[in-house]
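# Residue-level structure breakdown
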Amino acid sequence: MKVRQITPAIGAEISGVHLGEAARDAEQFAEIKAALLKHRVLFFRGQDITRAEHVAFARCFGPLEDHPVVGSDPEHPGLVLIYRSDNPHSFENTYHCDGLWRPNPAMGAVLRCIECPEIGGDTIWVNMVKAYEELPDYVKAQIADLRAKASIEHSFGAVLTPEARAKLVQEHPTAEHPVVRTHPETGEKILFVGAGFTSHFVNWSTPANVRHGIDKSPGASLLLNYLTSRASIPEYQVRWSWKPGDVAVWDNRSTQHYACNDYFPAPRKMERAGIVGDRPY
């Protein structure tokens, strides 16, 4: 197994590995897992694997999750088919952390390219540990104890009828998370808000925030916009141009990503296995 770091902040390309075999090789999987924690997103070119092998490899990280809007392949529960060709609309072209609207957002995901346009359709990943680390100290103090709401209605609900949207929200109530979460394996602090799902702070006006000089800062909405905009800083990013057979594996706890919607009407067919995560703290 060879590891080639792609940018100083995030991302590595792995060669010399077949993911179908890695699912059956505990030692090799441990190497992949260690590389993932270090580089946050890993890329594998030319993976000739079946859907069953795709799912088996993803399950090495933990149980797989379904999606209430997109759904899964009936023969491979947890494998979401993200096929775009006849509709220019996309849910993925915002910076987001998968399942932030869940009480337990995804731990990570394994995404495989089935078909892609010759030009366009890239995906960007962002190191949200670095996005937090390079915040000014006074902002870190302001957000240390803040919590925020995240909702599936904030994105997927926008294209539904009022009745369908109400049903979706009833089945998947708004979740509340710390604005700064701690990575359960590395102990790193992570900026954990995203434009795709975060709607507002829930404990903005508190004595603790006043003590930190919050009264001299911008309003809550301006602060939230500033925090979510951190994902768009190029120095924190890696951008991947897909080829059929490529696989990306990412740590959803410490990253956000953005799928560029610049390829319509060319087809783009991706298959993703999302891994159940823990409750952020």
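To continue, consider the overall build of the protein. Counting secondary structure elements, the protein contains eight helices and 15 strands. The globule rule puts the C-alpha radius of gyration for 281 residues at 19 Å, and the 19 Å found for the protein is close to it. C-alpha extents for the protein along the principal axes are approximately 55 × 45 × 35 Å. Taken across its 281 residues, the protein has 51% of its residues classed as buried. Looking at the protein alone, contacts between residues at least 24 apart form 83% of all its contacts between residues at least 6 apart. Accessible surface computed for the protein: about 12600 Å², of which carbon and sulfur atoms make up 52%. The average position of the 30 basic charges and that of the 34 acidic charges among the side chains of the protein differ by 4 Å.

We now examine the pairing of strand β2 (residues 12-15). In regular strands, side chains alternate between the two faces of the sheet. Judged from the four bridges that link them, strand β1 (residues 2-5) and β2 form a sheet pairing that is antiparallel. Among the inter-strand pairings, lysine 2 is bridged to a residue of β2, identified as serine 15. A loop of six residues connects β1 with β2, the two strands running antiparallel in sequence, and glycine 11 in this loop sits at a positive phi of about 100°.

Mean pLDDT for the protein: 91, with 91% of residues reaching 70 or above. With pLDDT under 50 throughout, residues 213-217 is counted as low confidence; its partners more than four residues away or in other chains account for seven contacts.

In this section: the sheet that holds strand β7 (residues 147-150). Remark on secondary structure: sheet strands pair via backbone hydrogen bonds, oriented parallel or antiparallel. Pairing in this open sheet of three strands is antiparallel, and the strands run β8-β7-β11 from one edge to the other. The outermost strands of the open sheet, each flanked by one partner alone, are β8 (175-178) and β11 (198-201). When strand polarity is set aside, the average angle formed by the axes of neighbouring strands in this sheet is 35°. Bridge count between β7 and β11: three bridges; the pairing is antiparallel. Paired with alanine 148 across the bridge in β11 is phenylalanine 201.

Cut-offs and rules
All residue numbers refer to position in the chain's written sequence, counted from 1. Residue-level local features of this predicted model are given only where pLDDT is at least 70; pairs of side-chain atoms are given and counted only at 80 or more, and the full residue set underlies all totals for whole chains, interfaces and linings. Side-chain measures were taken over the full set of non-hydrogen atoms in the model, leaving aside hydrogen atoms and water. Numbered from the N terminus, helices here are DSSP runs of H or I no shorter than four residues, and strands are runs of E no shorter than two. Only C-alpha atoms enter the radius of gyration, while the globule expectation follows 2.2 Å times N to the 0.38, with N the number of residues. Each residue is assigned to one of three classes by its accessible area relative to the maximum for its type, calculated with a 1.4 Å probe on protein chains only: buried under 20%, partly exposed between the two thresholds, exposed over 50%. Whether two residues are in contact is decided by their heavy atoms, any of which lying within 4.5 Å being enough. For every accessible area listed, the method is Shrake-Rupley and the probe measures 1.4 Å; residues are considered covered only by the protein chains on display. Neither His nor the chain ends contribute to the count of charged residues, in which Lys and Arg are positive and Asp and Glu negative. Every charge is mapped onto a representative atom, which is NZ of Lys, CZ of Arg, CG of Asp or CD of Glu. In this analysis, strands are considered paired if DSSP registers two or more bridges between them. The predictor rates its confidence in each residue with pLDDT, a number between 0 and 100. Orientation is described by lines fitted to C-alpha atoms, with helices fitted over the stretch in contact, and by angles between N-to-C directions that extend from 0 to 180 degrees.

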